[in-house]
Amino acid sequence: MVGLHASGQSGAGNVTGRAWEINTNAHAVSGADGGLAAAEIDVINSGSDQVNFDQPTTKTGVSAIAMGTSPSTAAFVASGGSSTWHGG
């Protein structure tokens, strides 16, 4: 079962195009404050305790899978943008 499927694609012939499948934003505006999470992924496992990857009962919070005919650059990139990170 797939709960959500989204697809972002760069068009044919656009060799420098970019595509974002999902972009989420949590924003504390100036003068306001509070906890922020642009995305939270919960794995609620009431089944088996599986420690091995690639098993029928494996549970993962995030699975990054490289596909296509050429290698992908990275699974994850942490960027500071106009600010920085306290921790990774």
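Structure: above.
So, here is what we can say about the structure in this document. (Residues numbered from 1 in each chain as written. Predicted model: local features only at pLDDT ≥ 70, side-chain atom pairs only at ≥ 80, totals over all residues. Heavy atoms only, no water.)

### Concerning the overall build of the protein
Here is step 1 of the chain: Scanning the protein from N- to C-terminus turns up 0 helices and 0 strands.
Here is step 2 of the chain: Its C-alpha radius of gyration of 18 Å places the protein more than 25% over the 12 Å reference for a compact globule of 88 residues.
Here is step 3 of the chain: The dimensions of the protein, computed from C-alpha atoms along their principal axes, are 45 × 45 × 25 Å.
Here is step 4 of the chain: For the protein, with 88 residues in total, the buried portion stands at 0%.
Here is step 5 of the chain: Within the structure as shown, the protein displays about 8,500 Å² of accessible surface, and the carbon and sulfur contribution to it stands at 50%. (Helix = DSSP H or I, 4+ residues; strand = E, 2+ residues; numbered from the N terminus. Rg over C-alpha atoms; globule rule 2.2 N^0.38 Å. Buried < 20%, exposed > 50% of the residue type's maximum accessible area, 1.4 Å probe, protein only. Areas by Shrake-Rupley, 256 points an atom, 1.4 Å probe, with all protein chains shown as cover.)

### Comments concerning a nonpolar patch on the surface
Here is step 1 of the chain: Together, Ile 41, Val 43, Val 62 and Phe 76 give the surface a local cluster of nonpolar side chains, amounting to about 410 Å² of exposed area.
Here is step 2 of the chain: Using a relative accessible area of 60% as the deciding quantity, one classes Phe 76 as exposed. (Patch = residues over 30% accessible without salt bridge, like charges linked within 9 Å, V, L, I, M, F, W, Y side chains within 5 Å. Salt bridge = Lys/Arg side-chain N within 4 Å of Asp/Glu carboxyl O.)

### Observations concerning unusual backbone geometry
Among all residues save glycine, negative phi is the norm, and among peptide bonds the norm is trans.
Here is step 1 of the chain: Backbone geometry at Asp 54 places phi at a positive 60°, although glycine is not the residue there.
Here is step 2 of the chain: The class of Asp 54 is exposed, set by a relative accessible area of 76%.

Such coordinate-based values are descriptive only and should not be taken to indicate function.
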